[in-house]
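# An overview of the molecular structure
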Amino acid sequence: MSNTIWSVDEHLDDILAAVRPLEPIELQLPDAQGCVLVEDVMVSVALPPFDNSSMDGYAVRVADVAGASEEFPAVLTVIGDVAAGSGELPTVGPGQAARIMTGAPLPPGAEAVVPVEWTDGGAGRGAATTMRPAGDAPEGASGEVRVHRSAEARAHVRARGSDVQVGDLALTAGTVLGPPQIGLLAAIGRGTVTVRPRPRVVVLSTGSELVQPGEELGQGQIYDSNSFALAAAARDAGAISYRVGAVTDDAAVLRDTIEDQLIRADLLVTTGGVSVGAYDVVKEALSSVGDEDEPGSGIDFRKLKMQPGKPQGFGSIGPDHTPLLALPGNPVSSYVSFELFVRPAIRTLMGLDDVHRPTARAVLKTDKALSSPADRRQFLRGTYDAEAGTVRPVGGSGSHLIAALAQADCLIVLPEDTTSAEPDSEVEVVLLG
């Protein structure tokens, strides 16, 4: 443990230099949601795969409906029904029409679709308003239909390949698979894809004073909020998160718990027990932990030039050199530390190019100047108004004020060389949301 005080950027650089993207695996589509593609996906099936109708109506030949009007309708013989998924298709000859449903393939011989509203629906009366079910049509799918308007060639026909053609690039490597991308993969017939998996993040909170929500609080006890907040933050960042509720302040118990968790962790996050108190159990449990075959490994505990979140630990642990980040125990310190250090590490494991939250410049709206300690990068909670380009601080600067954190949607950054931020001055904000 050196007496060096590190900057936020130095600490983050060290973390990101040590974290490698996870190895790609092949996953079924439902499991690939939220993952990053590592391959370009080409289209193997045109979309749509066949010419199909964009309306409920009648498939006709253009010549048969030329000049049709309400006064002089074209009278066509209905030769059958074409529904979506139809296999055998009737051929539409001169003077004929086939009833067709939206999405159904255009039958051979037909050149256009006239919507049912342009016809009498086969009922021999005025304009129809809707397609009747096949069993309920006047003579089923036979009889005659009167068409009241002419149609251009290809009217109301969705052409084969009009969405994507075979050989097109469907998705590029690096794409995060959200619902529309999963839908496209399914539509072109891809059942599996090669992706970087979502990282598995284990969050452990430490402290004998911690009680799980829902239980009774005893004297001197508090509820464990950190493990819930950080497990949720890990999930929000794209990880699969596992929460291990409060581990008691005992170095041997903590070390055993961490060793048990390594089996399911791509990244371990502890909270609490890293500063300089007598009971800083994380430090005690992990300071001596190193990988024998890995020089310079183990966990390094540091002081950073930041507020909140000055005490931090980072290193690797176990046979697979699993990265571990040790965050402070104050709820706000731990959350700010997560945003600055853990989230970028998770996004790096996922193989994303952009691992950082977006930032913006905003005008500070506050009654009096905000003070900031010299040589510390301070992060204050704020609410950002994108339209007005302004930001307001919420709550005080105390690192335990978790109620203010729940109101905040950004962090206001006051750099190391700023000791006072005046009302209406411009500040950097990190957008959380």
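The rules we used
Here, residues in each chain are numbered from 1, in the same order as that chain's written sequence. Where local features are concerned, this predicted model is filtered to residues with pLDDT of at least 70; where side-chain atom pairs are given and counted, the filter is 80 or more; whole-chain, interface and lining totals use all residues. Excluding hydrogens and water, the side-chain figures rest on all heavy atoms present in the structure. UniProt positions are given in the numbering used here, feature names are shortened, and annotations may be inferred rather than shown by experiment. Here a helix means four or more residues in a row that DSSP labels H or I, a strand means two or more in a row labelled E, and each is numbered from the N terminus. In this treatment the radius of gyration is a C-alpha quantity, and the globule benchmark scales as 2.2 Å times the residue count to the 0.38 power. Each residue is placed in one exposure class: buried if its accessible area under a 1.4 Å probe, protein chains only, is under 20% of its type's maximum, exposed if it is over 50%, and partly exposed if it falls in between. In what follows, residue pairs with any heavy atoms lying within 4.5 Å of each other are defined as contacts. Under the convention used here, a 1.4 Å probe and the Shrake-Rupley method define accessible areas, while residue burial counts only the protein chains that appear. Lys and Arg are tallied as positive, Asp and Glu as negative. Neither His nor the chain termini are counted. Charged groups are reduced to one reference atom each: NZ for lysine, CZ for arginine, CG for aspartic acid, CD for glutamic acid. Following DSSP output, two strands are said to pair if at least two bridges run between them. Any carboxyl oxygen of Asp or Glu that lies within 4 Å of a side-chain nitrogen of Lys or Arg is treated as forming a salt bridge with it. Here is the rule: rings of Phe, Tyr and Trp (six-membered ring for Trp) pair when centre to centre is within 6.5 Å. Planes less than 30 degrees apart are stacked, more than 60 are edge-to-face, and the remainder are tilted. Ring-over charges, as used throughout, are those where CZ of Arg or NZ of Lys falls within 6 Å of the ring centre and within 35 degrees of the ring normal. As used in this record, nonpolar core signifies buried Ala, Val, Leu, Ile, Met, Phe, Trp, Tyr and Cys residues forming a set joined through side-chain atoms within 4.5 Å. A residue counts toward a patch only above 30% relative accessible area and without a salt bridge, and it is joined to like-charged neighbours within 9 Å or, for Val, Leu, Ile, Met, Phe, Trp and Tyr, to nonpolar neighbours within 5 Å. Working note: the arc is built from the helix axis to C-beta atom directions. The definition of a polar contact used here is a pair of N or O atoms within 3.5 Å, where within protein one atom must be able to donate a hydrogen and the other to accept one, and adjacent residues in sequence count solely through side-chain atom pairs.

- The name recorded for the chain in an unreviewed UniProt entry is Molybdopterin molybdenumtransferase, from Streptomyces violascens.
- The chain has a UniProt comment under Catalytic activity (unreviewed entry) that states "adenylyl-molybdopterin + molybdate = Mo-molybdopterin + AMP + H(+)".
- The chain has a UniProt comment under Pathway (unreviewed entry) that states "Cofactor biosynthesis; molybdopterin biosynthesis."

## Observations concerning the overall build of the chain
- Check the secondary structure of the chain and you find nine helices and 30 strands.
- Here the chain has a C-alpha radius of gyration of 32 Å; the compact-globule value for 433 residues is 22 Å, and the former is much larger.
- With the C-alpha coordinates aligned to their principal axes, the bounding extent of the chain is approximately 95 × 55 × 45 Å.
- Within the chain, the fraction of its 433 residues that count as buried is 46%.
- Pairs at least 24 apart in sequence give 71% of the contacts found in the chain among residues at least 6 apart.
- By element, 49% of the accessible surface of the chain is carried by carbon and sulfur atoms, the whole surface being about 20200 Å².
- Across the chain, the 33 positively charged side chains and the 58 negatively charged ones have centroids separated by 3 Å.

## Thoughts on the pairing of strand 8 (residues 96-100)
- Counted residue by residue, strand 8 has four buried out of five residues, so it is predominantly covered.
- Strand direction decides the pairing type here: strand 6 (residues 57-60) and strand 8, joined by three bridges, are antiparallel. Residue Ala-59 lies in a different strand from strand 8, and its bridge partner there is Ala-98.
- Here strand 7 (residues 74-82) runs beside strand 8; their pairing, made up of four bridges, is parallel. Pairing of Val-82 across the sheet is with Ile-100, part of strand 8.

## Looking at the pattern of salt bridges
- Following the criterion strictly, the structure yields 15 salt bridges and no others.
- Notably, a salt bridge pairs Asp-236 with Arg-357, separated by 3.5 Å at the nearest N-O pair. In this pair, Asp-236 sits in helix 5 (residues 226-236) while Arg-357 sits in the loop between helix 8 (331-349) and strand 24 (359-364), placing the two residues 121 residues apart along the sequence.
- In this structure Arg-357 comes out as buried when scored by relative accessible area, which is 14%.
- One network of salt bridges, in which partners are shared, links Asp-9, Arg-377 and Glu-416.

## Some points on the packing of aromatic side chains
- Evaluated as defined, the whole model comprises zero aromatic pairs.
- Over the ring of Trp-118 we find Arg-149, and its NZ or CZ is 4.0 Å from the ring centre.

## Here's the deal with the pairing of strand 6
- Across four bridges, strand 6 lies against strand 9 (residues 112-115) in antiparallel orientation. Considered in strand 9, the bridge of Val-60 is made with Ala-112.

## As for the nonpolar core
- Leu-267, Phe-341 and Ile-346 are the most contacted members of the largest nonpolar core, which has 39 residues in total.
- Taken together, the elements giving at least two residues each to this core come down to helix 1 (8-18), strand 15 (200-206), helix 5, strand 19 (267-271), strand 23 (322-327), helix 8 and strand 28 (410-414).
- The leading source of residues in this core is helix 8, at 10 residues.
- The residues touching Leu-267, leaving out its near neighbours within four places in the chain, are Arg-200, Val-201, Val-202, Thr-322, Pro-323, Leu-325, Val-342, Ala-345, Ile-346 and Leu-349.
- Core analysis: the second largest hydrophobic core is formed by 20 residues, Leu-204, Leu-254, Ile-258 and Ile-317 among them.

## A closer look at a negative patch on the surface
- On the surface, a cluster of negative charge is contributed by Asp-250, Asp-256, Glu-259, Asp-260 and Glu-284.
- With respect to the helices and strands, Glu-259 occurs in helix 6 (residues 251-261).

## Considerations on helix 6
- Considered for burial, the residues of helix 6 that qualify are Ala-251, Leu-254, Thr-257, Ile-258 and Gln-261. Angular distribution of buried residues about the axis of helix 6 spans 125°; they occupy a single face of the element.
- For helix 6, the secondary structure elements touched by its buried residues are strand 15, strand 18 (240-247), strand 19, helix 7 (281-286), strand 22 (311-317) and strand 23.
- A distance of 2.9 Å separates the backbone nitrogen of Ala-252 from a side-chain oxygen at the start of helix 6, and that oxygen is part of Asp-250.

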